[in-house]
Amino acid sequence: MVTCQTNFALFCVYFNEVINLLLILIFTLGATLASCATCCAFRFCKNISAFVPRSFCDNCYHSLTWWQLLPILGWAIQKGKCHFCDRPIPILSTALESLYGFIFIWLFFHSANLFSFTLIAGLLIWLLVLSLEDQRGMEVSSFCLYCGALLFTLWASPQVWWTIKTSWLALLLFFGVCLLFEYHGQLGPADTICVLVIMLVYGFHFGCWLLLLASTIFLATHLHDAPQTRHAFLPSLSSSFIILVFFQIY
Ligand SMILES: [Zn+2]
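How each quantity is defined
- Residues numbered from 1 in each chain as written.
- Predicted model: local features only at pLDDT ≥ 70, side-chain atom pairs only at ≥ 80, totals over all residues.
- Heavy atoms only, no water.
- Helix = DSSP H or I, 4+ residues; strand = E, 2+ residues; numbered from the N terminus.
- Contact = heavy atoms within 4.5 Å.
- Core = buried A, V, L, I, M, F, W, Y, C linked by side-chain atoms within 4.5 Å.
- Buried < 20%, exposed > 50% of the residue type's maximum accessible area, 1.4 Å probe, protein only.
- Domains from an automatic or database assignment.
- UniProt positions renumbered as here; feature names shortened; annotations may be inferred.
- Patch = residues over 30% accessible without salt bridge, like charges linked within 9 Å, V, L, I, M, F, W, Y side chains within 5 Å.
- Areas by Shrake-Rupley, 256 points an atom, 1.4 Å probe, with all protein chains shown as cover.
- Salt bridge = Lys/Arg side-chain N within 4 Å of Asp/Glu carboxyl O.

Trainee: I'd like a rundown of the overall build of the chain, residues and numbers included.
Mentor: Helix and strand content of the chain: nine helices and zero strands. Shown N-terminal to C-terminal, the secondary structure of the chain runs as helices and strands in the order α-α-α-α-α-α-α-α-α. If one aligns the C-alpha atoms of the chain with their principal axes, the spans along those axes are about 75 × 55 × 35 Å. Counting contacts in the chain only where the partners sit at least 6 residues apart, residues at least 24 apart contribute 61% of the total.

Below you can see the structure in the form of structure tokens.
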């Protein structure tokens, strides 16, 4: 009896350790991908290659060493300032790294399977790159937009076929309305493509909820702005996707 209890206690300790290690790994994955997304968005906006040159401070242009690139830790070790020029490092990247780290952990334990987890995680990172680009320069890189759209449509092809088969008329009408909005300058092609991809993957209903929530967030955040001012819509869309995924409305 004593041996049995000891073995069970040991199993519990090991199981706890494995879960803790898994949590750290998933958090690191989310934080690292968010960090890459922030870097890619910055580079796409400045027409710099995503791979060359290596990461640098955007004030003094000094190349960053490996420990300065560590998600969250790099910022904390440098006390929020560039190691070379002392300029404060914007908190946005670190905040996004922390947020996406926690989102990934939540997703991992609430997704139906690994396929579902990787698909949502991939979509979140794709939307993050596009949102940051849209927020910064009111435009997104065609490569990232179209390659991402193609990748996710192929990745979730069984779900996409099902949505087309069951809601093709509604999709066509929706696409027509989006084109009308685009014609009148109320919507950009990137907004339409992102909504359509998510709609194809998660169904017409989900797409409608997403658009409704995104429009509400967009209106609430720009309520007091001048009517003619142009604003990025993708950050609202991205936030809405996180909220809907969080409440598992898919
Ligand atoms: Zn610097």
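Trainee: Go over the nonpolar core, please, and point to the residues and values.
Mentor: Counting residues in each nonpolar core, the largest one holds 53 residues, and the members touching the most others are Trp 126, Tyr 202 and Phe 241. If one sorts the elements of this core by residue count, helix H4 (residues 114-137) sits on top with 13 residues. Of the residues that make up this core, three or more belong to each of domain 1 (1-110) and domain 2 (141-250). Apart from the residues within four sequence positions on either side, Phe 241 is in contact with Ile 120, Leu 123, Leu 124, Leu 127, Ile 198, Tyr 202, Phe 206 and Leu 210.

Trainee: Pulling in residues and values, what's your account of the UniProt feature "transmembrane region" (unreviewed entry) in the chain?
Mentor: Using the residue numbers shown here, the UniProt feature "transmembrane region" (unreviewed entry) corresponds to residues 18-45, 89-108, 114-132, 139-156, 162-181, 193-220 and 232-249. With 100% helix and 0% strand, residues 162-181 has end C-alpha atoms that lie 27 Å from one another. Helix makes up 96% of residues 193-220 and strand makes up 0%, while its end C-alpha atoms are separated by 23 Å.

Trainee: I'd love a proper account of a nonpolar patch on the surface, names of residues and values included.
Mentor: Together, Trp 161, Ile 164, Trp 168, Leu 169, Leu 172 and Leu 173 make up an exposed nonpolar region whose accessible area comes to about 690 Å². With respect to the element layout, Trp 168 can be found in helix H6 (residues 157-183).

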